[in-house]
Amino acid sequence: MSQDGEPGHYRAGQTALLAAVEEVEPLVGHWRRRFDASAPAGIPAHVTVLYTFLDIDRISTAVIDDLTTLIGARSPFTVRFDECRRPFTVRFDECRRFPTVLYLAPTPDQPFRELTASIARRWPEAPPYAGQFTEVIPHLTVAHDQEPEVFDELQAALTDHLPATATISSVRLFVSDGHRWRHHLRVPMLG
């Protein structure tokens, strides 16, 4: 979930807002289980919307109502539809890297950026990645903290199976118990 490397240990009560990407799990799942600490901790393939969000003891009915309003106002992803009014589809066309992360890049990434920005504006006390980065780059982590040769091997293996497509129709709230993450709430995009 971290933009430049995901920590292996989490604090109990932490939460994360994630756009789960089930359609890509068959492509990246076995790699993530080996090379992404969040996968064995219970996090599915995803693009992070906001990490860390409010601690679970702050997730009240009012917070859920506000999340439902902010997320629910969006169409499955943003208000972009084709002429048949089908949900907008996100494509994962290529692998990219941060210094310690290999990831799939969503195209377009603007819907993720807009959603993150709207939630961060509503809860400024919960900036993306604790405010570590000046720019939040939407991504689906495949591996982190590996040697460049491992990233090269994974990238070559994944590139043969791209592009992959997915429809983002909800955001999920996950909660950490300090070791594992559990799904807590699903907020659909209804716009």
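Residues numbered from 1 in each chain as written. Predicted model: local features only at pLDDT ≥ 70, side-chain atom pairs only at ≥ 80, totals over all residues. Heavy atoms only, no water.

## Details of the overall build of the protein chain
Regarding its fold elements, the protein chain presents four helices and eight strands. Secondary structure elements of the protein chain, listed N to C terminal, follow the sequence β-α-β-α-β-β-α-β-α-β-β-β. Relative to its full complement of 191 residues, the protein chain shows a buried share of 50%. Long-range contacts, defined here as pairs at least 24 residues apart, represent 76% of the contacts in the protein chain between residues at least 6 apart. For the protein chain, the accessible area works out to roughly 8900 Å², and carbon and sulfur atoms hold 52% of it. (Helix = DSSP H or I, 4+ residues; strand = E, 2+ residues; numbered from the N terminus. Buried < 20%, exposed > 50% of the residue type's maximum accessible area, 1.4 Å probe, protein only. Contact = heavy atoms within 4.5 Å. Areas by Shrake-Rupley, 256 points an atom, 1.4 Å probe, with all protein chains shown as cover.)

## Details of the confidence of the model for the protein chain
Across the protein chain, the average pLDDT comes to 89, with 89% of residues at or above 70. A low-confidence stretch, residues 2-7 stays under pLDDT 50, and its non-local contacts, those more than four residues away or across chains, total 26 contacts. Confidence over residues 78-86 falls short of pLDDT 50; this stretch has nine contacts with residues more than four positions distant or in other chains. (pLDDT = per-residue confidence, 0-100.)

## A closer look at the environment of Gln155
Following the sequence through the fold, Gln155 ends up in helix α4 (residues 148-159). Judged by its relative accessible area of 24%, Gln155 is partly exposed. Residues Gln155 and Arg96 lie 59 residues apart in sequence; the distance between their C-alpha atoms is 8.4 Å. Discounting chain neighbours no more than four positions away, the residues touching Gln155 are Cys95, Arg97 and Leu102. For Gln155, the side chain forms a polar contact with the side chain of Arg97, separated by 3.0 Å. (Polar contact = N/O pair within 3.5 Å; in protein donor to acceptor, adjacent residues only side chain to side chain.)

## A short note on α4
The terminal C-alpha atoms of α4, which comprises 12 residues, lie 16 Å apart, in line with the 16 Å expected from a rise of 1.5 Å per residue. Listed as buried for α4 are Phe151, Leu154 and Leu158. Buried positions in α4, seen along its axis, are confined to an arc of 70 degrees and lie on one side of it. More than 90 degrees from the buried face of α4, the exposed residues found are Glu149 and Glu153. Contact partners of the buried residues in α4: α1 (25-35), β3 (89-98), β4 (101-107) and β5 (140-144). (Expected span 1.5 Å × (residues − 1). Arc of directions from axis to C-beta.)

## Here we look at the sheet that holds strand β2 (residues 46-51)
Taken in spatial order, the four strands make up an open sheet running β2-β1-β7-β8, and their pairing is antiparallel. If you trace the sheet from one side to the other, it starts and ends with β2 and β8 (181-188), each paired once. Between one strand axis and the next, the sheet turns through 30 degrees on average, direction left out of account. Sheet analysis places strand β7 (residues 170-176) next to β8, joined by seven bridges and oriented antiparallel. Paired with Phe174 across the bridge in β8 is His183. Packed onto the sheet, helix α2 (residues 61-72) meets β1 (15-20), β7 and β8 and runs at close to 55 degrees relative to β8. (Pairing = 2+ DSSP bridges. Axes fitted to C-alpha atoms, helices over the stretch in contact; angles between N-to-C directions.)

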